[in-house]
Amino acid sequence: MQVFSLPTKMASSTDSRGSPPPEDLHFDTRAVIARPPRVSINPVAPSIETTSTYVMDTVDEFVHKLENKGYIYSRHGGPTQDGAAYSINQLEGGFGTLVFSSGMAAVSTILLSQLKGGDHVICQMPVYAGTMKFLQRAMMKFDVEVTWVKAGSVEEYAKNIKDNTKLLWGESPANPLCTILDLEEFGRLGQTREGLITVVDSTFAGPYHQQPLRHGVDVSMNSCTKYLGGHCDILAGALSTSKEHLFETFYTWQQMLGNNLSPFDAFLLHRGTQSLHVRMARHSSNAMHLAHFLQKHPKVERVFYPGLPSHPQHEAAKRVMGNGYSGMMSFEVKGGEQAGKTFVESVRVIKLAVSLGGVESLVEHPATMTHGRYMISDLEREMGNITPGLIRFSVGIESVQDLENDLAQALDKI
Ligand SMILES: Cc1ncc(COP(=O)(O)O)c(C=O)c1O
């Protein structure tokens, strides 16, 4: 078999511990260990580092890196993940950010790392169904007590704080009615007591429209599967925090749970963040136009979009969001469940699919899909105001005229 011959400069080079030159080694060994010498490069685009482990020159180097978050083993982090995390942290304005294998991996890491038996959590209703299930099924199993309060009311959180309250969980804009939490008041409430942690799931807005940490909230959580990734091609999550001790705990628990993001997905996430502002500006202007269109349509009962003056927390949205109001809305069609189903099955440019935040427009029917019988109880659906005619609409970045025409023809089918 022909040996691939390296240029002399490379063939004769040795690594820092003096590996034997390639010509002294058997084919099998060369096949396994052949690497060009490392050269210092400064690529314009982020690179994908797939390695699961790192070569050490000495044992002390390992120990030093272990103690200082150096790269030793990729469950503890790697440069591609750090690239995505760094970029999100810049946008969120945090002390630090970690990226996870999904939004739920980020949610479960916060809850598992911060709570123990006997602690009390206050969470809004409605909240993302996965978060609700985790609190109900996993955390209650560990004797963590949960109080559910009406979404959008900081007063309700304040009224329910007890001696053992450890964590306040908010989501804004909330899934699926786009209820807004006044992040300024929420952050302030969290600071009234030492050790109380405030978390906001900011997925529906993302850092272009809202940066919870800048309002005094301790942790901003994003499902990066949505706007930050932006193309419906990855599952990812992020936790950004303003507090060093929280960052340290999340980092330790991420290693224990093994829920770090893969380098390939981290690469796509980092690439997504680079165009976040351009995509969000279009998501948000398309959504504003279509919210006005839907509001005037005779087959639509009401529209929930934080940018409309008719939205119950429009004033709070003006205070806590910036650069527009994102691309998420929901609206209720007249005629109940059958009308809702007919509508989502009649769209042609827009697609019938769960998830959100990608460049393509998606609709779904919460009462039977994301918030249906399989996900939540009838009572929880009722408490969350998830009516049979409700449609959740993730507005994409297509031509707004094509989207309006598609909505019009689908509404005609009802
Ligand atoms: C508001 C919100 N939070 C969290 C999640 C969970 O994210 P993932 O699906 O990436 O685990 C979702 C997913 O739809 C969501 O909509």
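Everything below is about the structure printed above this text.
Summarised in this report is the structure supplied together with it. What you see is a predicted model; the values in this text were computed from it and never measured.

## Here's the deal with the sheet that holds strand β9 (residues 328-333)
In any sheet, the strands associate via hydrogen bonds between backbone groups, in a parallel or an antiparallel arrangement.
And then number 1: One open sheet holds the five strands; their spatial order is β8-β9-β12-β11-β10, and the pairing between them is mixed. Edge positions in the sheet fall to β8 (300-304) and β10 (351-352), since each of these pairs with one other strand and no more.
And then number 2: With five bridges joining them, β9 and strand β12 (residues 390-394) adopt antiparallel strand pairing. Bridging from a neighbouring strand, Met328 pairs with Ser394 of β12.
And then number 3: Along the sheet, helix α12 (residues 276-296) contacts β8, β9 and β12; its crossing angle with β9, the most-contacted strand, is approximately 10 degrees.

## Overview of helix α14 (residues 336-346)
And then number 1: Turning to α14, its buried residues number three or more, namely Ala339, Gly340, Phe343, Val344 and Ser346. The arc that holds every buried residue of α14, seen down its axis, measures 165 degrees, which confines them to one face. Projecting away from the buried face of α14 at angles above 90 degrees are the exposed residues Gln338 and Glu345.
And then number 2: Where α14 is buried, its residues touch β9, β10, β11 (362-364), β12 and α16 (400-412).

## Here's the deal with the packing of aromatic side chains
And then number 1: By the definition in use, this model includes five aromatic pairs.
And then number 2: The interplanar angle of 25 degrees and the centroid separation of 5.7 Å between the aromatic rings of Tyr54 and Tyr71 together place this pair among those described as stacked. Of the two residues, Tyr54 sits in the loop between α2 (27-33) and α3 (59-67) while Tyr71 sits in the loop between α3 and α4 (79-92), which places them 17 residues apart along the sequence.
And then number 3: Taken together, the aromatic side chains of Phe331, Phe343 and Phe393 make up a single cluster linked through ring pairs.

## Digging into the pairing of strand β4 (residues 165-171)
And then number 1: Of all the seven residues making up β4, six are buried; the element is thus mostly covered by neighbouring parts of the structure.
And then number 2: Pairing between β4 and strand β5 (residues 197-201): five bridges, direction parallel. For Leu167, the partnering residue across the bridge sits in β5 and is Ile197.
And then number 3: The parallel pair β4 and β5 is bridged by helix α8 (residues 183-190), and the resulting crossover is right-handed.

## Side note on the sheet that holds strand β3 (residues 145-150)
And then number 1: The strand order β1-β7-β6-β5-β4-β2-β3 describes an open sheet built from seven strands, whose pairing is mixed. In this open sheet, the two strands that pair with only one neighbour each are β1 (96-100) and β3. For this sheet, the mean inter-axis angle between neighbouring strands, taken without regard to orientation, is 20 degrees.
And then number 2: Strand direction decides the pairing type here: β1 and strand β7 (residues 237-241), joined by five bridges, are antiparallel. Within β7, the residue paired with Thr97 across the bridge is Ser240.
And then number 3: Along the sheet face, α8 touches β4 and β5 and points at about 155 degrees away from the line of β5.

## Some remarks on empty space enclosed by the protein
And then number 1: Taken as a whole and judged by the stated rule, the model has one cavity of 30 Å³ or more.
And then number 2: By volume, the largest cavity is sized at about 50 Å³.
And then number 3: Along the walls of the largest cavity sit Met125, Pro126, Val127, Ala129, Met132, His371, Ile376, Glu380 and Ile386, which together make up its complete lining.
And then number 4: Here the lining of the largest cavity is composed, by residue class, of seven nonpolar, one polar and one charged.

## Remarks on the packing of α12 against α16
And then number 1: Contact geometry for α12 and α16: axes closest at 10 Å, N-to-C directions at 30 degrees. As judged from the angle between their axes, α12 and α16 are roughly parallel. Pair α12 / α16 crosses with right-handed handedness. The segment α12 lies against α16, with Asn286, His289, Leu290, Phe293 and Leu294 engaging Val400, Leu403, Glu404, Leu407, Ala408 and Leu411.
And then number 2: Class assignment of the residues belonging to the contact of α12 with α16 gives a composition of eight nonpolar, two polar and one charged.

## Points about the nonpolar core
And then number 1: Within the largest apolar cluster, 44 residues are counted, with the highest numbers of intra-cluster contacts made by Leu294, Val303, Met329, Phe331, Phe343 and Phe393.
And then number 2: Residue contributions to this core peak at five residues, all from α12.
And then number 3: Not counting the four nearest positions on each side in its chain, Phe393 is found in contact with Leu290, Leu294, Gly327, Met328, Met329, Phe331, Ile350, Ser361, Leu362, Val363 and Leu407.

## With respect to the packing of α4 against helix α11 (residues 263-274)
And then number 1: Two elements in contact, α4 and α11, have axes whose closest approach is 8 Å; the angle formed by their N-to-C orientations is 30 degrees. Here α4 lies roughly parallel to α11, going by the angle between them. Relative to α11, α4 is oriented so that their crossing is left-handed. Facing Thr80, Gln81, Gly83, Ala84, Ser87 and Ile88 of α4, the residues of α11 in contact are Pro263, Ala266, Phe267, Leu269, His270 and Thr273.

## Regarding the pattern of salt bridges
And then number 1: Tallied over the entire structure, the rule returns 12 salt bridges.
And then number 2: A salt bridge links Glu315 to Lys318, with the shortest nitrogen-to-oxygen separation between them at 3.4 Å. With Glu315 and Lys318 both in helix α13 (residues 314-320) and three residues apart, the pair spans about one turn of that helix.
And then number 3: On the basis of relative accessible area, Glu315 is assigned to the partly exposed category, the value being 48%.
And then number 4: We note a salt bridge from Glu364 to Arg392, for which the minimum N-O separation is 3.3 Å. Of the two residues, Glu364 sits in strand β11 while Arg392 sits in strand β12, which places them 28 residues apart along the sequence.

Reading the values: the criteria
Residues numbered from 1 in each chain as written. Predicted model: local features only at pLDDT ≥ 70, side-chain atom pairs only at ≥ 80, totals over all residues. Heavy atoms only, no water. Pairing = 2+ DSSP bridges. Helix = DSSP H or I, 4+ residues; strand = E, 2+ residues; numbered from the N terminus. Contact = heavy atoms within 4.5 Å. Axes fitted to C-alpha atoms, helices over the stretch in contact; angles between N-to-C directions. Buried < 20%, exposed > 50% of the residue type's maximum accessible area, 1.4 Å probe, protein only. Arc of directions from axis to C-beta. Phe/Tyr/Trp six-rings, centres within 6.5 Å; stacked < 30°, edge-to-face > 60°. Right-handed = clockwise from strand over helix to strand, strands pointing away. 1 Å grid on protein atoms, 1.4 Å probe; cavity = no way out; pocket = protein on both sides within 12 Å on 5 of 7 lines; lining within 4 Å. Points joined across faces, edges and corners; volume = space filled by probe spheres on them. Nonpolar A, V, L, I, M, F, W, Y, C, P; charged D, E, K, R; others polar. Parallel < 35°, antiparallel > 145°, perpendicular 65-115°, else oblique. Left-handed = near helix turned anticlockwise from the far one by under 90°. Core = buried A, V, L, I, M, F, W, Y, C linked by side-chain atoms within 4.5 Å. Salt bridge = Lys/Arg side-chain N within 4 Å of Asp/Glu carboxyl O.

Interpretation note: all reported values are geometric properties and have no functional meaning in isolation.
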